[in-house]
Each structure stands twice: as structure tokens, then as C-alpha cells.
Amino acid sequence: MTRPTVTACALAALAIGTAGPALAQGKTLYIGMNGGTMEKTYTEHVFPAFEKATGHKVVVVPGTSSDILAKLQAQKDKPQMHVVFLDDGLMYRAIGMGLCQKTALSPVLDEVYPSSRLKGDMAVGVNMGMTGLAYNKKMFDEKGWAPPSSWMDLADPKYKGKVVVQSAASSTFGLHAFLMYNRIQGGSEANVEPGFKNWRGSIGPNVLEYIPSSAKISEMVQTGEAAVFPLTPTAVGAQKEKGVPVEYAQPKEGSVILMVAQCVVANTPDPEPAQQLAAFLLGTQAQEAALKYGAQIPSNTKAKAPPESAEVMEKFQGYMKTAVTVDWDAINEKRPEWNQRWNKEIER
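Here is what the cut-offs are and how they apply
- Residues numbered from 1 in each chain as written.
- Predicted model: local features only at pLDDT ≥ 70, side-chain atom pairs only at ≥ 80, totals over all residues.
- Heavy atoms only, no water.
- Helix = DSSP H or I, 4+ residues; strand = E, 2+ residues; numbered from the N terminus.
- Buried < 20%, exposed > 50% of the residue type's maximum accessible area, 1.4 Å probe, protein only.
- Lys, Arg positive; Asp, Glu negative; His and termini not counted.
- Salt bridge = Lys/Arg side-chain N within 4 Å of Asp/Glu carboxyl O.
- Polar contact = N/O pair within 3.5 Å; in protein donor to acceptor, adjacent residues only side chain to side chain.
- Contact = heavy atoms within 4.5 Å.
- Disulfide = S-S within 2.5 Å.
- Arc of directions from axis to C-beta.
- Core = buried A, V, L, I, M, F, W, Y, C linked by side-chain atoms within 4.5 Å.

A. Local environment of the side chain of E111. Within the element layout of this structure, E111 appears in the loop between β4 (100–101) and β5 (117–118). It turns out E111 is buried and unbridged, and the closest side chain with the opposite charge, K302, is 4.1 Å from it. Among the polar contacts made by the side chain of E111, one reaches the side chain of N300 at a distance of 2.9 Å. Ignoring any residue separated from it by four or fewer positions in sequence, one finds E111 in contact with T284, S299, N300, T301 and K302.

Shown next as C-alpha cells:
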């Protein structure tokens, strides 16, 4: 190697918090995350910079958050993954089961949204989202309706038979909608009685269908069945790119933060390079690439959007000012009981 090449590599390693020895003896690091678009984005546009700078190799173990959590549990005594991405609700479960280790202190921790740092940095949000309200713009324009502005708009009589809600028993979007309604009714994650007591009589008459996921939303918008429904700004953007006439609306009570978080696996045999990878993935270089090539909204507040995404980022940062978090420890403790009640009391 020439001296400039060595210097460049050394600087690159220092930039992501790695040490010189890592360059001499690279490790293979396994990271659990969603397959499909996320895997493609990170494999093609994020991991190569880390691999070049450190000499480590990153291999994706693809699967849903539930799949990855199941693997973590099965491998608890002898983990085979080094870092995992999980939806925030499941990440709280992983932390509670002792499957994560504390994220090492690094400058990037001061750059991420404070709300993305979970349980004393046992995990950290790597990309951000939020559940708010979305609406059928074509229908709203035709009827002269103003965009929804509150979670209580789901109970507005003019939307009778036009509200679609994802099942709270199977969808985080539906659960978020229920929990925000419950808060408005005076409840909390520790007390969901107001929500269960009042939902059927207020929002219930407006609901056309409780759907298991958001897969049917685009079809129901295009057929004119759905007027208002819980959704994320990112999902709305994806629908708009396909020509579906939807828009996002931020409820005045706030949207609910919905993030993908990462943690370094407890008892991993290679904690130092695993922590290096975790720090890199929170940095601006990685998060800007994930935004540009995979529409992953950064948790790092210093990440800059490319021109084509600047407007989306500006709106998102505005939404974050009123976004709220929910108590996932309380939710996970009672979720099976809530699911049964939802199925019997709300969807029946």
C-alpha cells in the first residue's frame, strides 16, 4: 500500500470509531434485519463503506422482526448474530429478555433524537417513522372536506362507513390509533379501560372494516371505500409514488413514534467490532445513504437529505416536534390480554 492509501484507510477507520488492528484482522459480522428493500439498501449502499474502512465483512440474516427475535431467543446462550434491527415494540421485549447489551458511548449518540435512545442506550433507533392519519385526497377534494387534524376525526359522523382501521391485535398502526384515542378519553398505557369502553360507540360506527395489515389500503382508496385511516408518512409517500391519491395529516395530539431500533447482541463473541458497526450505522454517512437509496428516515439529526428528499425531511422534522412515545413495557406486559379484548369487544 502507498502511504496516502494507508493514511486514507486510517482516517476512514477513525471516522467511524474503529481502531487500527481491525484493519489487519477483519471479522465477519452478522446482522439481523428485514429482507427485501431494507436488506438491498444496506447491502449495496451502506455496508461497503464500513467494510472498506475496517476490513470487517457484514452479512445480513434476513427476516421480520418477529423472526429475528425468535432467532435471538434460540441463540441466547451462544449468539450467532452481532447486531439486530427490530421494530421498537419488539426491541423493548428483547431488552427485557436480556438479549441486548448497552450501546457503547460515542459522539453519534449525542446526534440522534433523544426519543430514539431506548432504556439507557440498550438500543437506539436507526431509522424513524410515526403513525398519524392519512386520507383519500381525491374523495376529500370532491366533497370539499378539510384534511383531518385530530385522532377524534375518526369519530366524525361524516366519515360513517369510510374509516378503515388496522386491527390493534395484529398491527402497530391500529394499536397506535387505539392508544391515542384511549389517551384522549383519559386513559394511559397502564389504563386502557376508557378506550375499550368508548371506542365502539364513537369510532366504531364509522369503521367500514378492521383489516389485519395495511396491504389493502391502496385498493380501498382507489375504489373509494376508504376515506381516513392510520398510516405513516413514509407509507403515504410510497403509495403516492404508485399513483394512489393519499396524503398524510399530523394529528394535533401528536403522531406516535414508530422506529426501527438496533442493539448489539448480548454475549456476542466479537463485542468490539459489533459496537463499531452499531456506531457506524448511527452516523451521518450510513444514514444519508439509507435515506437516499432506501427512503429510510434518519434518526441522526445531523444527517442531510439529498435535494429530492429535502422537502420530505423538512416535513418529518416538523412532525417530530409533536410526536409522542408510548410505554412499550406496559404494552408488552398486557398485549395478549388486550388482543383478546379487542377481538371480542371491538371487532366482533
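B. Seen up close, the state of the cysteines. Summed over all chains, the structure comprises one disulfide. In this model C100 forms its disulfide with C263; the gap between the sulfur atoms is 2.2 Å. Taking the torsion about the sulfur-sulfur bond, which here is approximately -65 degrees, the covalent link between C100 and C263 counts as left-handed. With C100 in strand β4 and C263 in strand β13 (residues 260–265), this residue pair connects regions lying 163 residues apart in the sequence. Like C263, C100 is buried.

C. Looking closely at helix α14 (residues 310–320). Of the residues making up α14, those classed as buried are M313, F316, Y319 and M320. The arc enclosing the buried residues of α14, seen along the axis, measures out at 120 degrees, which places them on a common side. Opposite the packed face of α14, turned more than 90 degrees from it, sit the exposed residues E311 and E314. Tucked into the core, α14 has its buried residues touching β7 (130–136), α11 (233–241), β11 (246–249), β12 (256–257) and α13 (284–294).

D. Main features of the nonpolar core. The biggest cluster of nonpolar side chains holds 81 residues, and the ones touching the most others in it are V84, M91, W199 and F229. The dominant element in this core, judged by the number of residues it contributes, is helix α8 (residues 172–184), at seven residues. Ignoring any residue separated from it by four or fewer positions in sequence, one finds M91 in contact with V84, L86, C100, L118, A123, A261, Q262 and C263. By size, the runner-up hydrophobic cluster in this structure holds 28 residues, among which are Y42, V260, L281 and A290.

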